Amino acid sequence: MDPLIISVATTGNWLTREQTPYAPLSPREVATAAVDCWCEGVTIVHIHVRDSQGAASLNKDLFRETVELIRAAGCDIIINFTTSGRLGQLPDEDRFNPVELKPELASFDAGSINIRNGVFINSATFLENLAQKMLENGVKPEIECFDTAMIANALDLAARGFIKPPLFFQFVLGVPGGAQATAKQLLHMVELIPPGSPWSVCGIGPYQLPLNTLAIVMGGHTRTGMEDNIYYRKGELAKSNAQLVARVVRIARECEREIASPGEARKILGLRCLNE
Ligand code: ZN
């Protein structure tokens, strides 16, 4: 098995201080959380930014500031910017902003689904434009799949040259309106991707830890963090993102699965080298 690539999604679009006082929201808080997680062994940080009011934003300066703070700490973590538009609340044009900053990775939500009262819209035209923008900027798509149809969409885009191999999939399971967070579902999704493609999985809420563990033993990669789950265990809030990361690292070590350094992960994912 390849060494385990652990991503941390520290913040997301929806987390609020009312839900948990431990949520990192400002660029400085997100950067500090990323560096703390890196010290625990995390490989990739998935970054969302918030404005001074704490609202989700796609402002380039906020993304830039966050990365500068991370790098100023001597941290070589892989940067993965979100391109999510908060269920249509942020305009599609702004969703290209993070890609223009040329992070090594950016999220690529490969289709549309209902999420409770909202619709997560990623039209075919938008996805072609986003993929094209990523190609032009040397950004690798982290292909987020909330159901199997999104895998089909991604494979179609790859067949038409919009996404280059190796394809890196992130299965997002347990979202209301998306695929269920079960072992059978995960196995099925892994069987649908081209053999040898690196894949990762994250589970929402109580599914986070079981899916982290499944990925470790199946040879996949995994994501943790407060964007997906704010609890350390039932009824007990996680005190930090690093606390969630440290537990995944401990479980991996118990299973004798090595943890990937950012450098090793760059090779596995076929990323361009840092500073290139
Ligand atoms: Zn996200």
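Here's a quick rundown of the structure.

So, how was this worked out
Residues numbered from 1 in each chain as written. Predicted model: local features only at pLDDT ≥ 70, side-chain atom pairs only at ≥ 80, totals over all residues. Heavy atoms only, no water. Core = buried A, V, L, I, M, F, W, Y, C linked by side-chain atoms within 4.5 Å. Buried < 20%, exposed > 50% of the residue type's maximum accessible area, 1.4 Å probe, protein only. Helix = DSSP H or I, 4+ residues; strand = E, 2+ residues; numbered from the N terminus. Contact = heavy atoms within 4.5 Å. Phe/Tyr/Trp six-rings, centres within 6.5 Å; stacked < 30°, edge-to-face > 60°. 1 Å grid on protein atoms, 1.4 Å probe; cavity = no way out; pocket = protein on both sides within 12 Å on 5 of 7 lines; lining within 4 Å. Points joined across faces, edges and corners; volume = space filled by probe spheres on them. Nonpolar A, V, L, I, M, F, W, Y, C, P; charged D, E, K, R; others polar. Pairing = 2+ DSSP bridges. Axes fitted to C-alpha atoms, helices over the stretch in contact; angles between N-to-C directions. Left-handed = near helix turned anticlockwise from the far one by under 90°. Arc of directions from axis to C-beta. Donors = N, O, S within 2.8 Å, 3.2 Å for Na, K, Ca; no water. Tetrahedral: all angles 85-135°; square planar, octahedral: opposite > 155°, others 65-115°.

With respect to the nonpolar core
Counting residues in hydrophobic clusters, the biggest one holds 39 residues, and the most contacted among them are F108, F169, F171 and L173. Ranked by residues supplied to this core, first place goes to helix α4 (residues 124-137) with 5 residues. Setting aside residues up to four positions removed in sequence, F171 forms contacts with C145, I151, L186, M189, V190, I193, W199, S200, V201 and C202. Of all hydrophobic cores here, the second largest spans 30 residues; its members include V35, I77, V248 and A252.

Points about the packing of aromatic side chains
Scanning the entire structure with this criterion turns up 5 aromatic pairs. An angle of 55 degrees between the planes, with centres 4.6 Å apart, marks the rings of F63 and F81 as tilted. Residue F63 is located in helix α2 (residues 60-72), and its partner F81 is located in strand β5 (residues 78-81); the two are separated by 18 residues in the primary sequence. Neither F63 nor F81 differs from the other in exposure class; each is buried. One aromatic cluster is present, built from ring pairs that chain together F169, F171 and W199.

Re the layout of surface pockets
Quantified by volume, the largest pocket comes out at close to 780 Å³. As for the largest pocket, its lining consists of 32 residues, of which W14, I115, V175, I204 and E227 are closest to the centre. Listed by contribution, the elements that provide at least two residues to the lining of the largest pocket are β6 (105-109) and β8 (118-120). Looking at side-chain class alone, the lining of the largest pocket contains 12 nonpolar, 13 polar and 7 charged residues. Volume-wise, the second largest pocket comes out at about 250 Å³. Within the residue set of the lining of the second largest pocket, elements represented by two or more residues are α2 and β5. With 5 residues, the single largest contributor to the lining of the second largest pocket is α2. Classifying every residue of the lining of the second largest pocket by side-chain character gives 7 nonpolar, no polar and 6 charged.

Considering the sheet that holds strand β2 (residues 44-47)
The 8 strands are arranged β1-β2-β5-β6-β9-β10-β11-β12 in a closed barrel whose pairing can be described as parallel. For this sheet, the mean inter-axis angle between neighbouring strands, taken without regard to orientation, is 25 degrees. Inspection of the sheet shows strand β1 (residues 6-9) paired to strand β12 (residues 221-224) by 3 bridges, in the parallel sense. Note that in β12 the partner of S7 across the bridge is R223. Where α2 meets the sheet, it contacts β2 and β5, and its direction lies at approximately 165 degrees from that of β5.

Quick notes on the packing of helix α7 (residues 208-218) against helix α8 (residues 241-254)
One can describe the packing of α7 onto α8 by two numbers: an axis separation of 10 Å at closest approach and a directional angle of 35 degrees. With respect to the hand of their crossing, α7 and α8 are arranged in right-handed fashion. Side by side, α7 and α8 meet where Q208, L209, N212, T213 and I216 of the first sit next to L244, R247, V248, I251 and A252 of the second. Tallied by class, the residues present in the contact of α7 with α8 amount to 6 nonpolar, 3 polar and 1 charged.

A closer look at empty space enclosed by the protein
Counted under the stated rule, the structure contains 1 cavity of 30 Å³ or more. Reported here for the largest cavity is a volume of approximately 30 Å³. Forming the walls of the largest cavity are Q208, L209, N212, T224, L244, R247 and V248. Considering only residue class, the lining of the largest cavity consists of 3 nonpolar, 3 polar and 1 charged.

Comments concerning helix α6 (residues 183-192)
All of the buried residues along α6 are Q185, L186 and M189. Buried residues of α6 fall within an arc of 100 degrees about the axis and therefore sit on the same side. Across from the buried face of α6, at angles greater than 90 degrees, the exposed residues are K184 and E191. Contacts made by the buried residues of α6 are with β9 (140-145), α5 (148-159), β10 (168-173), β11 (199-203) and α7.

Focus: the coordination of the zinc ion
Coordination of the zinc ion by the protein involves H46 (NE2), H48 (NE2), E227 (OE) and E227 (OE), with metal-donor separations of 2.0 to 2.6 Å. Its 4 donor atoms give the zinc ion angles of 53 to 134 degrees at the centre, a pattern that matches the irregular case. Here the donor residues of the zinc ion are spaced in sequence according to H-x1-H-x178-E. One end of the pair, H46, is in strand β2; the other, E227, is in the loop between β12 and β13 (231-233), and 181 residues separate them in sequence. Classification of E227 as partly exposed rests on a relative accessible area of 28%.

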